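What follows is each chain in one-letter form.
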2 protein chains.
Amino acid sequence: MATKETAQRIIDAALQLISEKGYTAATTKAIADLAQVNEVTIFRHFGNKEGLLKTIVDKFSYNPILQKTMREEVTWDLETDLTRFSMQYFEYMMSIKDFVMIGFKESMQFPEINAEIANVPLLFKNELIHYFKEMHHKGKIREVNFEAAALSLIALNFGHFISRARLGTIVSTLPTEELIKTSVAIFSRGLTS
Amino acid sequence: MATKETAQRIIDAALQLISEKGYTAATTKAIADLAQVNEVTIFRHFGNKEGLLKTIVDKFSYNPILQKTMREEVTWDLETDLTRFSMQYFEYMMSIKDFVMIGFKESMQFPEINAEIANVPLLFKNELIHYFKEMHHKGKIREVNFEAAALSLIALNFGHFISRARLGTIVSTLPTEELIKTSVAIFSRGLTS
DNA sequence: CTCCTATGCAAGTAGTTACTTACATGCTAC
DNA sequence: GTAGCATGTAAGTAACTACTTGCATAGGAG
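Everything numeric in this text was worked out from a predicted model, so none of it was measured.

Criteria and cut-off values
- Residues numbered from 1 in each chain as written.
- Chains lettered and ligands numbered in written order.
- Predicted model: local features only at pLDDT ≥ 70, side-chain atom pairs only at ≥ 80, totals over all residues.
- Heavy atoms only, no water.
- Helix = DSSP H or I, 4+ residues; strand = E, 2+ residues; numbered from the N terminus.
- Buried < 20%, exposed > 50% of the residue type's maximum accessible area, 1.4 Å probe, protein only.
- Contact = heavy atoms within 4.5 Å.
- Areas by Shrake-Rupley, 256 points an atom, 1.4 Å probe, with all protein chains shown as cover.
- Buried area = accessible area lost by both parts, 1.4 Å probe.
- Polar contact = N/O pair within 3.5 Å; in protein donor to acceptor, adjacent residues only side chain to side chain.
- Nonpolar A, V, L, I, M, F, W, Y, C, P; charged D, E, K, R; others polar.
- Least-squares fit on C-alpha atoms with pLDDT ≥ 70 in both.

1. Notes on the overall build of chain A
When you go through chain A residue by residue, the secondary structure sums to ten helices and zero strands. Each helix and strand of chain A, placed in order from N terminus to C terminus, yields the pattern α-α-α-α-α-α-α-α-α-α. In terms of overall dimensions, chain A has C-alpha extents of about 65 × 30 × 30 Å along its principal axes. Taken across its 193 residues, chain A has 56% of its residues classed as buried. Considering only residue pairs separated by 6 or more positions, chain A has 67% of its internal contacts joining residues 24 or more positions apart. Carbon and sulfur atoms make up 52% of the accessible area of chain A, which totals about 8600 Å².

2. Some remarks on the interface of chain A and chain B
Across the boundary between the two partners, chain A contributes 45 residues, which contact 45 residues of chain B. Between chain A and chain B, a total of about 4100 Å² is buried, with carbon and sulfur atoms accounting for 67% of that surface. If you look at where chain A meets chain B, you find 13 residue pairs in polar contact (both at pLDDT 80 or more). Contributions of two or more residues to the side of chain A that touches chain B are made by α1 (3–21), α7 (97–106), α8 (111–137), α9 (146–167) and α10 (176–191) of chain A. The dominant element in the side of chain A that touches chain B, judged by the number of residues it contributes, is α9 of chain A, at 13 residues. Considered class by class, the residues forming the side of chain A that touches chain B number 21 nonpolar, 15 polar and nine charged.

3. Considering the relation of the copies chain A and chain B
Screw-axis analysis of chain A against chain B gives a translation of 0.0 Å along the axis, an RMSD of 0.0 Å, and a rotation angle of 180°. The transformation relating the two chain copies, once decomposed into turn and shift, fits a two-fold axis. The residues that chain A uses at the interface reappear at the interface of chain B in 100% of cases, marking a shared surface.

Take a look at the structure:
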């Protein structure tokens with residue numbers, strides 16, 4: 001059995017349990033059991049429980065995939081572009097969902113997680129502001145507070161993400177894609193002069 | 001010392017600690033210390049730790065204050081009404097902020113908290129759909145998927161709330177009121193035919 | 001074959017947790 | 001003034017926690 005597989009199994013188990021129950025309630029024994037590993041193996045790999053968390057945080061440190069894909073294939077048609085941005089954001093957030101949930105639960109005890117997560121909207125905001133300014137320059141959107149507009153689109157998408165990730169279909173059974181498309185359509189129209 | 005005051009101090013302390021650290025990490029001893037009460041007093045009042053949580057959940061069970069204020073003073077001017085709805089929603093969420101945070105952290109272990117919190121957007125959604133239909137009937141907004149539109153406004157406002165409640169001014173220093181006004185202005189314009 | 005590394009297994013430790021019991025004390029209502 | 005109720009204090013318990021140590025074993029690399 002290679003080290004890599006074992007360490008990865010432990011990380012996966014920890015990610016799942018900590019995101020579900022929180023850091024304190026996710027015991028090393030439970031993590032070991034889920035990873036099908038002896039409890040000592042965790043300590044041999046990561047030193048202590050906090051070392052395991054730190055490894056997870058490092059693994060999820062923001063990679064600029066969202067920024068990168070946002071800059072590709074810009075059509076300079078407002079609704080088309082914003083829809084693509086929003087869908088990509090949603091998919092990206094879903095892919096790091098467990099990590100986001102850990103961030104929600106442990107931000108007070110491990111502030112560095114919070115800083116890592118705050119990075120996502122910050123970079124997204126800057127990209128959007130840049131895009132809006134360019135669009136205004138092209139005369140395709142009206143004059144508004146671009147930062148407020150960017151934050152609004154982010155809030156909108158974050159809201160959709162949390163609603164689906166946390167409440168599932170309790171609030172609505174509308175397909176996510178349809179929801180995002182409709183909301184972006186309304187938002188785009190509101191920006192057009 | 002009256003019973004009421006003591007129980008309330010315990011509840012306040014528990015609310016603070018559980019919302020900060022989570023249920024498991026908030027020990028009964030720490031709660032007792034913060035409430036300036038002997039640890040046994042907690043058990044005499046609430047039986048056990050879970051009883052304390054249940055008392056908190058009961059206390060925050062949805063009261064229809066948001067629904068009520070939404071129905072008052074409707075002007076049937078889209079931007080005016082949506083701004084008021086949004087501001088009221090934001091203030092209401094801020095007032096139950098600690099409880100919302102507990103809901104985020106403990107939803108897996110105590111599903112009934114989740115159900116309680118999902119109630120807020122559900123009722124808000126119904127009120128909004130009703131309002132949108134009426135507005136459409138009056139010819140003041142165009143034909144859209146009203147449910148999607150309602151969910152979008154909720155997502156938008158929830159996003160603003162979480163951003164401020166969780167990240168503070170890391171992402172932006174724009175005043176909340178200005179942010180809400182701008183986002184509602186864009187959204188309203190997008191709904192107008 | 002023979003190291004070496006990763007892992008399992010067994011046993012244990014010191015600290016913490018939720019919770020209990022028994023008894024003392026002080027305030028309030030009658 | 002005394003009976004009763006809410007609270008404090010002290011001591012303890014059983015279970016669980018993160019973490020350690022020593023030894024056995026299996027598989028791969030040289």
